[in-house]
Amino acid sequence: ELDRGDALLRDGRDEEAHLVYQEAYKRFPNSYSVLVRMGSANYHVGFYDRAQRFFERALKVAPPDRRWQALNYLGQTYWKRREPELAIEY
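Since the model is a prediction, treat every value here as computed from it, not as a measurement.

Novice: Teacher, can you tell me more about the packing of helix α3 (residues 32-44) against helix α4 (residues 48-61) here?
Specialist: A pair of packed helices is characterised by two quantities: the angle between their axes and the separation of those axes. Packing of α3 against α4 leaves a shortest axis separation of 8 Å and a crossing angle of 160°. By the angle class used here, α3 and α4 are roughly antiparallel. Seen along the crossing, α3 lies across α4 with a hand that is left-handed. Here α3 contributes Tyr32, Leu35, Val36, Met38, Gly39, Ser40, Asn42 and Tyr43 to the contact with α4, which in turn contributes Tyr48, Arg50, Ala51, Phe54, Phe55, Arg57, Ala58 and Val61. Looking at the contact of α3 with α4, its residues break down into 11 nonpolar, 3 polar and 2 charged.

What follows is the structure, given as structure tokens:
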């Protein structure tokens, strides 16, 4: 299902992708993969506050080899929120 949501997001079908990710989130609220996708979907449509919250949660549960990804997404989100100091920190 996550792959289907990814394809929808790539095709610009943001709302449909978000629905797919929301269903996954309901089932797996502490899954790194789901949290990152929820953050990405919100980031993609400009909901940076929501994206930040999902990326922060993803960072807490990230496998060691994926922490860099969560940190990068979080930094990009802070940049979009016009918080350059935090963006650079992350």
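Alright, that's what it looks like, and here's the rest.
Novice: Teacher, can you tell me more about the packing of aromatic side chains here?
Specialist: Each aromatic ring pair is summarised here by two numbers: the centre-to-centre distance and the angle between the ring planes. One pass over the structure, following the stated rule, counts 4 aromatic pairs. Centroid distance tyrosine 25 to phenylalanine 54: 5.4 Å. Interplanar angle 85°. Geometry classified as edge-to-face. Separated by 29 residues along the polypeptide, tyrosine 25 in helix α2 (residues 14-27) and phenylalanine 54 in helix α4 bring together distant segments of the chain. Aromatic side chains tyrosine 43 and tyrosine 48 sit 5.3 Å apart centroid to centroid with 70° between the ring planes, which places their arrangement in the edge-to-face category. Among the residues examined, tyrosine 48 registers a relative accessible area of 22% and is labelled partly exposed.

Novice: How do you make sense of the nonpolar core when you look at a structure like this?
Specialist: Side chains of a nonpolar character, in soluble globular proteins, are inclined to be buried together. By size, the foremost hydrophobic cluster in this structure holds 22 residues, and its most contacted members are Ala17, Tyr21, Tyr32, Met38, Ala58 and Leu74. With residues near it in sequence (within four places) discarded, tyrosine 32 still touches Ala58, Val61, Ala62, Pro63, Arg66, Gln69 and Ala70.

What counts as what
- Residues numbered from 1 in each chain as written.
- Predicted model: local features only at pLDDT ≥ 70, side-chain atom pairs only at ≥ 80, totals over all residues.
- Heavy atoms only, no water.
- Axes fitted to C-alpha atoms, helices over the stretch in contact; angles between N-to-C directions.
- Helix = DSSP H or I, 4+ residues; strand = E, 2+ residues; numbered from the N terminus.
- Parallel < 35°, antiparallel > 145°, perpendicular 65-115°, else oblique.
- Left-handed = near helix turned anticlockwise from the far one by under 90°.
- Contact = heavy atoms within 4.5 Å.
- Nonpolar A, V, L, I, M, F, W, Y, C, P; charged D, E, K, R; others polar.
- Phe/Tyr/Trp six-rings, centres within 6.5 Å; stacked < 30°, edge-to-face > 60°.
- Buried < 20%, exposed > 50% of the residue type's maximum accessible area, 1.4 Å probe, protein only.
- Core = buried A, V, L, I, M, F, W, Y, C linked by side-chain atoms within 4.5 Å.

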